[in-house]
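# An overview of the molecular structure
Below are the chains, spelled out letter by letter.
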Amino acid sequence: MLPAFYAHAQQTIIESLEEKRPEEGTVNIYQSPQIKSYIGQRYVPNIRKTLKGRGFRIQVYVGNNSRSARNEAYKVAQKVKEEFPDIPVYTYFQPPRWLCRVGDYKSIEEAHVVMRKLKDSGKFKEVAIVREQINIPIE
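The structure contained in this document is the topic of the report that follows. Fair warning: this is a prediction, and the values are worked out from it, not measured in the lab. (Residues numbered from 1 in each chain as written. Predicted model: local features only at pLDDT ≥ 70, side-chain atom pairs only at ≥ 80, totals over all residues. Heavy atoms only, no water.)

With that settled, the discussion passes to the overall build of the protein chain. When helices and strands are tallied, the protein chain shows 5 helices and 4 strands. For the protein chain, restricting intrachain contacts to residue pairs at least 6 apart in sequence, the fraction spanning at least 24 positions comes to 67%. Counting every atom, the protein chain has about 10,700 Å² of accessible surface; 53% of that belongs to carbon and sulfur. (Helix = DSSP H or I, 4+ residues; strand = E, 2+ residues; numbered from the N terminus. Contact = heavy atoms within 4.5 Å. Areas by Shrake-Rupley, 256 points an atom, 1.4 Å probe, with all protein chains shown as cover.)

Turning next to the nonpolar core. Ranked by internal contacts, the top residues of the largest apolar core, which has 22 residues, are Ile58, Val60, Val102 and Leu118. Secondary structure elements with two or more residues in this core: β1 (50-62), α4 (67-83), β3 (97-105) and α5 (108-121). In terms of residue count, α4 provides more of this core than any other element does, 5 residues in total. Ignoring any residue separated from it by four or fewer positions in sequence, one finds isoleucine 58 in contact with Cys100, Arg101, Val102, Tyr105, Ala111, Val114, Met115, Leu118, Val127, Ala128 and Ile129. (Core = buried A, V, L, I, M, F, W, Y, C linked by side-chain atoms within 4.5 Å. Buried < 20%, exposed > 50% of the residue type's maximum accessible area, 1.4 Å probe, protein only.)

Here the focus is α4. If you check α4, its first and last C-alpha atoms are 25 Å apart, about what 17 residues at 1.5 Å a residue would give, namely 24 Å. What α4 keeps buried is the set Ala69, Ala73, Val76, Ala77 and Val80. End-on view of α4: buried residues confined to an arc of 100 degrees, all on one side of the axis. Within α4, the exposed residues directed more than 90 degrees away from the buried face are Arg67, Ser68, Lys75 and Glu82. For α4, the elements touching its buried residues are β1, β2 (89-94) and β3. (Expected span 1.5 Å × (residues − 1). Arc of directions from axis to C-beta.)

This part takes up the layout of surface pockets. When its volume is computed, the largest pocket comes out at roughly 370 Å³. In terms of lining residues, the largest pocket is bounded by 15 residues, among which Asp86, Pro88, Asp104, Asn135 and Pro137 are the most central. Looking at the lining of the largest pocket, the elements that each hand over two or more residues are β3 and β4 (128-137). Of the residues forming the lining of the largest pocket, the biggest block, 4 residues, is contributed by β4. For the lining of the largest pocket, a count of residues per class yields 7 nonpolar, 3 polar and 5 charged. (1 Å grid on protein atoms, 1.4 Å probe; cavity = no way out; pocket = protein on both sides within 12 Å on 5 of 7 lines; lining within 4 Å. Points joined across faces, edges and corners; volume = space filled by probe spheres on them. Nonpolar A, V, L, I, M, F, W, Y, C, P; charged D, E, K, R; others polar.)

The structure is reproduced here in structure tokens:
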């Protein structure tokens with residue numbers, strides 16, 4: 001037979017809360033079985049680690065600070081994602097304008113190859129290589 005403290009240590013927090021004890025109230029916990037299966041497991045996020053560094057991105061849109069410019073920046077971003085799903089897309093507001101830039105390239109030569117592909121697709125009018133801080137994946 002197991003010692004009482006050992007058997008108690010094997011309980012999950014849910015079982016411990018729902019345990020009936022004399023002269024105490026009762027606790028009922030309703031949850032999906034999936035949540036119950038996660039209790040006691042260690043959380044490991046699925047995040048790719050990256051470093052920041054100097055490099056190049058390709059600017060595919062630049063607009064003013066209006067709502068229409070914001071919408072257009074996100075439209076262009078969606079178009080890039082559809083045509084080139086493997087290229088990371090960054091859409092953000094850098095006062096006083098909306099920008100859509102793509103890629104993380106360490107050299108200007110790498111960026112130039114992708115810029116030619118973007119231009120050759122005929123779907124992107126404003127295409128230029130810009131120097132910017134990029135994300136460098138840690139393998």
